[in-house]
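Secondary and tertiary structure notes
Listed below, chain by chain, are the residues.
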Amino acid sequence: AWTTEEATRRGLRGWVRNRGDGTVEALFIGPDDAVAGMIAACRVGPPDARVTNVAEHPAQGDGSENFRQIATE
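A few points on the structure. (Residues numbered from 1 in each chain as written. Predicted model: local features only at pLDDT ≥ 70, side-chain atom pairs only at ≥ 80, totals over all residues. Heavy atoms only, no water.)

Notes on helix α2 (residues 32–44)
This is how it is decided: Numbered from the N terminus, helices here are DSSP runs of H or I no shorter than four residues, and strands are runs of E no shorter than two. One fewer than the residue count of a helix, multiplied by 1.5 Å, yields its expected span. The classification of residues rests on relative accessible area computed with a 1.4 Å probe and restricted to protein chains. Under 20% of the type maximum is buried, over 50% is exposed, and intermediate values are partly exposed. Working note: the arc is built from the helix axis to C-beta atom directions. We call two residues in contact whenever any of their non-hydrogen atoms come within 4.5 Å of each other.
Its 13 residues give α2 an end-to-end C-alpha distance of 19 Å, which sits within 8% of 18 Å, the value for a rise of 1.5 Å per residue. Along α2, the residues that are buried comprise A34, V35, M38, I39, A41 and C42. Each buried residue of α2 sits inside an arc of 160° when the element is viewed along its axis, so together they form one side. Of the exposed residues in α2, those oriented more than 90 degrees away from the buried face are D32, D33 and V44. For α2, the secondary structure elements touched by its buried residues are α1 (2–9) and β2 (24–29). G45 sits one or two positions beyond α2 and adopts a positive phi of about 80°.

In structure tokens, the structure reads:
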């Protein structure tokens, strides 16, 4: 929920999902500075989160019109 709220507040499109192994995967689509700010926020995470690593990979937009949470993979 934190990622969805933060991404929406920053005007980003895309999605986030929890993975079965306990990691979180997200696709952030938007202006470079907004995406960079979101990635920086993810490095800290929400209160009570334990962030150990954030990996970045270039990706193509998927046509998302907003930011949403999708089903766990």
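Read on, since the account is not over.
Description of the packing of aromatic side chains
By convention here, two paired aromatic rings are described through the distance between centres and the angle between planes. Heads up, the rule is: Each Phe, Tyr or Trp ring, with Trp reduced to its six-membered ring, pairs with another whose centre is within 6.5 Å; inter-plane angles below 30 degrees give stacked pairs, above 60 give edge-to-face pairs, and intermediate values give tilted ones.
Throughout the structure, instances matching the rule amount to 1 aromatic pair. Relative to F67, the ring of F28 lies with its centre 5.8 Å away and its plane at 20°, an arrangement referred to as stacked. Here F67 lies in strand β3 (residues 67–69) and F28 lies in strand β2, a separation of 39 residues in the sequence. On the accessibility criterion, F28 (17% relative accessible area) is buried.

Overview of α1
Of the positions making up α1, those classed as buried are T3, T4, E6 and A7. Here the buried residues of α1 occupy an arc of 170° about the axis, which is enough to place them on one side. In α1, those exposed residues whose orientation departs by more than 90 degrees from the buried face are E5 and R9. Where α1 is buried, its residues touch β1 (13–18), β2, α2 and β3.

Structural notes on the pairing of β2
Quick reminder of the rule: For two strands to count as paired, DSSP must find a minimum of two bridges between them.
Bridging between β1 and β2 involves 6 bridges; their strand directions are antiparallel. Residue pairing across strands places R17 opposite E25, the latter belonging to β2. Connecting β1 to the antiparallel partner β2 that follows it, the hairpin turn spans 5 residues, and G22 within it adopts a positive phi of roughly 95°.

Concerning the pairing of β1
Where β1 lies against β3, 3 bridges are found, and the strand directions are parallel. Bridging from a neighbouring strand, G14 pairs with F67 of β3.

Shape descriptors only; they carry no functional weight alone.
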